[in-house]
Amino acid sequence: MGFREGTQTNADWLTPAEADDYRTTPNYSATIEYLERIASAYPKQVRIESFGKTGEGRDLKIVVASKDGVFDPEAIHASGRAILLVQNSIHAGEMDGKDACLALLRDILLDPARAPLLEDVVWVFIPVYNIDGHERRSAYNRINQNGPALAGWRANGTNLNLNRDYMKADAPETRALLRLFHRWLPDFFVDNHVTDGADFQYDVTFLLDVTPDVYPPTAAWLRESVTPELVRRVDATGHLTFPGPIFLKDAADPSQGLAFEGNPPRLSTGQMILENRPGLLVELHMLKDYRTRVTGDYELMRALLELMNENSAALIALNHEADRSAESLGSVEARRELFPLRLAGSGETTLVDFRGYQFTRVKSEISGSMAIRYEPRPWNVALPMETGVVVAVSVRPPAGYIIPPQWTKVIDVLEAHDVKLRRTTASWTGRVERYRCVGMRWPGRPFEGRHPILPGGNVERDFGVFGKCILSTENLTFPAGSAVVPLNQRLSKVAIHWLEPEAPDSALRWGFFASIFEQKESGDARVLEELGRSELAKNPSLKVEFEDRIRTDSTFAGDPAARLGFFYDRSPWGLANRVGEYPVGRLTSLDSLPLR
Ligand SMILES: [Zn+2]
């Protein structure tokens, strides 16, 4: 710590976790009480503000640390200082970041050696994001984790995982966070977590996305400069970092190496890719003791603040360019390029030095399969890590999208993200591209309160089957009040990800368009019997198709409703159901639209 001489002593300003020798972490009111003590002692450098309410009605708060008492985001941007936003306890059993932020804030204010961390950066942090989860304290919330004594709960008050909610924005906490984010428009974002997985020597692991969907100059800076510097500076303090989240390809056999995991925008740092901002995912190791984890996170955030100070002008310029690049997505030139919707590992691996623990594999009478037992002896090896990433799904962006006004919940999510919309002032008919989607299968069990059809990758279990969506150009009419989403805006990538059906967290995948797949009219068996007989008599090719199907598909052959439906589905009555017609139009131009 090393506090300055004077009346203040270490003991006066110990954080609650330090005062209890890291056995416990304070509850929300004790956390805020400590922060308010700091804010009232240093009103010129620290301000606490509310930014909304949780589902249970608790006040969401940020702490702003600014060297000169300027706390207004606009004024800070105008002053040329970069803004860091740190989010803690989105998973409220993982409170390490909160206690690290309390200690770092205290040291910045009391220790002259730390004061320069605010020279060219304003630091904003959310002490606890998932407060309702945080206050559901128990010794039994985190079976994987080595302390503190009581921990919060992973999900919010309605049992939603807020780190799966960024894109769909179902939770009031997410909505408040998005408002906060756009009010401050930070230059760098950090999300602090604790792992749930393998054992290894590292206490700090982290990920900075440098995948093909990140603005390339930003990705280059993060890969070549920020990542190695964070490793170097944190390791120099006696901690041990690994610059990548450690997902074993086989949880029972670490020698198989490390797997690639996608970062879709349901996750905070995946959302940052769409916000054109660097997002640092921190995963502290669950089996290290609480002091080691909190101080490791402290050093990582300290090192990041140093790097931001050293590079503030370059960082601000990069973010500005990334925004301009996103604003150009609706342009004629950009529409010739493929926009990456979904990434996948290519299978290409790189050998990386890995510091694990020795292990034995045994046949388990519990699971019936192989189990792993770690031993407290280092296992320093070169392991294959999946570093090759390919674009699995891409799309040519339109000039904009048009959404009929009755799809209020779809439009509401775009508004929650501050995507700029315009409305048509009259009914409009024109040529648009639109999808017809077939072959969807929904999972039987809920995920995050819905039944989404999600792609593979970062999957927890069965996520259904995404069939296909085929694009065609049609003349369509859209009612007055339809929402038009131009892509010449900073948040164009959010609009594309929400409205392109095959994007990993699209409105269609999350079920916001589920009703388009429902057949609302159907034929009585007696009526369909007549329809079938008459079609067989007058349509020889349909007769051949029907008979082939009966011969080759025994399920179909044994299903009376399916056999009757064969004729209805192909008739004008069947087609009138418009099953799978995606109602959003892709515009090739906004010129002829009646817009306000
Ligand atoms: Zn977590």
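In short, a report on the structure. This structure is a prediction, so every number in the text was calculated from the model and none was measured.

What to know about the packing of aromatic side chains
Thinking step 1. Within the structure shown, the criterion is met by 26 aromatic pairs.
Thinking step 2. For the ring pair Phe 546 and Phe 566, a centre distance of 5.3 Å and an interplane angle of 50 degrees mean the geometry is tilted. Of this pair, Phe 546 sits in helix 14 (residues 540–552) while Phe 566 is found in helix 16 (residues 560–569), placing the two residues 20 residues apart along the sequence.
Thinking step 3. According to the relative accessible area criterion, Phe 566 is buried, its value standing at 2%.
Thinking step 4. Clustering of aromatic rings is evident, with ring pairs tying together Phe 200, Tyr 202, Phe 242 and Phe 354.
Thinking step 5. One cation-aromatic arrangement involves Arg 549 over Phe 556; the distance from NZ or CZ to the ring centre is 4.3 Å.
Thinking step 6. Taking NZ or CZ as reference, Arg 570 lies 3.9 Å from the ring centre of Phe 566, over its face.

Looking at the coordination of the zinc ion
Thinking step 1. Only His 91 (ND1), Glu 94 (OE), Glu 94 (OE) and His 193 (ND1) from the protein coordinate the zinc ion, and they sit 2.1 to 2.8 Å from it.
Thinking step 2. For the zinc ion, the four donor atoms in the first shell make angles of 51 to 149 degrees at the metal, a pattern classed as irregular.
Thinking step 3. Along the chain, the residues that donate to the zinc ion are spaced as H-x2-E-x98-H.
Thinking step 4. Judged by relative accessible area, His 91 falls into the buried class, the value being 4%.
Thinking step 5. Owing to a relative accessible area of 2%, Glu 94 belongs among the buried residues under this scheme.

Focus: the pairing of strand 13 (residues 400–403)
Thinking step 1. Residues Gly 400 and Ile 402 line one face of strand 13 and the alternating positions Tyr 401 and Ile 403 line the opposite face, and both faces are buried.
Thinking step 2. Sheet topology note: the strand 13/strand 17 (residues 483–486) ladder contains four bridges and is antiparallel. Residue pairing for strand 17: Ile 403 is matched across the bridge by Ala 483.

Regarding the nonpolar core
Thinking step 1. Counting residues in each nonpolar core, the largest one holds 89 residues, and the members touching the most others are Leu 84, Leu 105, Trp 123, Phe 125, Phe 188, Leu 230 and Leu 280.
Thinking step 2. In terms of residues, this core owes the most to one element, helix 9 (residues 290–310), which gives ten residues.
Thinking step 3. When near neighbours in sequence (up to four residues on either side) are disregarded, Trp 123 contacts Val 63, Val 64, Ala 65, Leu 84, Val 86, Cys 101, Leu 104, Leu 105, Ile 108, Leu 118 and Leu 305.
Thinking step 4. Of all hydrophobic cores here, the second largest spans 44 residues; its members include Val 413, Leu 454, Leu 491 and Leu 508.

Description of the side chain of Lys 61
Thinking step 1. Within the fold, Lys 61 resides in strand 2 (residues 59–65).
Thinking step 2. Put simply, Lys 61 is tucked away with no salt bridge, and the nearest opposite charge, on Asp 59, sits 4.2 Å away.
Thinking step 3. Apart from the residues lying within four places of it in its own chain, the contact partners of Lys 61 are Tyr 28, Ile 32, Ile 48, Glu 49, Ser 50, Phe 51, Phe 125, Ile 126 and Pro 127.

Some thoughts on the packing of helix 4 (residues 96–110) against helix 9
Thinking step 1. Where helix 4 meets helix 9, the axes come as close as 8 Å, and the angle between the chain directions of the two elements is 55 degrees. Considered as vectors, helix 4 and helix 9 are oriented oblique to each other. Seen along the crossing, helix 4 lies across helix 9 with a hand that is right-handed. Contact with helix 4, carried on its side by Asp 96, Gly 97, Asp 99, Ala 100, Cys 101, Ala 103, Leu 104, Asp 107 and Ile 108, involves Tyr 290, Arg 293, Val 294, Asp 297, Tyr 298, Met 301, Arg 302 and Leu 305 of helix 9 and no other residues of that element.
Thinking step 2. In terms of residue class, the contact of helix 4 with helix 9 is made up of ten nonpolar, one polar and six charged.

Some words on the pattern of salt bridges
Thinking step 1. In this structure the tally under the stated criterion is 50 salt bridges.
Thinking step 2. Where Arg 183 meets Glu 49, a salt bridge forms, and the shortest distance between an N and an O atom there is 3.2 Å. Within this pair, whereas Arg 183 is found in helix 6 (residues 172–184), its partner Glu 49 is found in strand 1 (residues 46–53), the two being separated by 134 residues in sequence.
Thinking step 3. Where Asp 196 meets Arg 154, a salt bridge forms, and the shortest distance between an N and an O atom there is 3.8 Å. Here Asp 196, found in the loop between strand 5 (188–194) and strand 6 (204–208), pairs with Arg 154, found in the loop between helix 5 (131–134) and helix 6; they are 42 residues apart in sequence, far enough to count as distant.
Thinking step 4. A single salt-bridge network, built from bridges that share partners, covers Glu 229, Arg 232, Arg 233, Glu 299, Arg 302, Glu 306 and Glu 310.

About the thresholds
- Numbers given for residues are sequential positions, taken from 1 along each chain in its written order.
- The predicted nature of this model means local features are confined to residues of pLDDT at least 70 and side-chain atom pairs, given and counted, to a pLDDT of 80 or more, with totals for whole chains, interfaces and linings taken over all residues.
- Remark: hydrogens and water are excluded; side-chain values derive from all non-hydrogen atoms of the structure.
- Only Phe, Tyr and Trp rings are paired, with Trp represented by its six-membered ring, and only when their centres lie within 6.5 Å; those with planes under 30 degrees apart are stacked, over 60 edge-to-face, the remainder tilted.
- Secondary structure follows DSSP: runs of H or I at least 4 residues long count as helices, runs of E at least 2 residues long count as strands, and numbering of each begins at the N terminus.
- Buried means the residue's accessible area, taken with a 1.4 Å probe over protein chains only, is under 20% of the maximum for its type, while exposed means over 50%, and partly exposed covers the values in between.
- By the criterion adopted, a ring carries a charge over it if an Arg CZ or a Lys NZ lies within 6 Å of its centre and within 35 degrees of its normal.
- For Na, K and Ca the donor cut-off is 3.2 Å, while for other metals it is 2.8 Å, and in both cases only N, O and S atoms qualify; water is not among them, so sites may look incomplete.
- A four-donor site is classed as tetrahedral when every donor-metal-donor angle falls between 85 and 135 degrees; four donors are called square planar, and six octahedral, when trans pairs exceed 155 degrees and all remaining angles lie between 65 and 115, with any other arrangement labelled irregular.
- Strands pair, by our definition, only if DSSP identifies at least two bridges between them.
- Definition used in this section: a nonpolar core is a set of buried Ala, Val, Leu, Ile, Met, Phe, Trp, Tyr and Cys residues joined via side-chain atoms within 4.5 Å.
- In this description, contact between two residues means that some pair of their heavy atoms is separated by no more than 4.5 Å.
- The charge count treats Lys and Arg as positive and Asp and Glu as negative. His and the chain ends do not count.
- Salt bridge, as applied in this entry: a Lys or Arg side-chain nitrogen positioned within 4 Å of an Asp or Glu carboxyl oxygen.
- Structural elements are reduced to axes, namely lines fitted to C-alpha atoms, with helices fitted over the stretch in contact, and the angle between N-to-C directions of any two is expressed from 0 to 180 degrees.
- For classification purposes, angles smaller than 35 degrees are called roughly parallel, those larger than 145 roughly antiparallel, those between 65 and 115 roughly perpendicular, and all remaining angles oblique.
- The sense of a crossing depends on the near helix, which, turned anticlockwise from the far helix by less than a right angle, makes the crossing left-handed and, turned clockwise, makes it right-handed.
- All residues other than Ala, Val, Leu, Ile, Met, Phe, Trp, Tyr, Cys, Pro, Asp, Glu, Lys and Arg, Gly among them, are scored as polar; the first ten of these are nonpolar and the last four charged.

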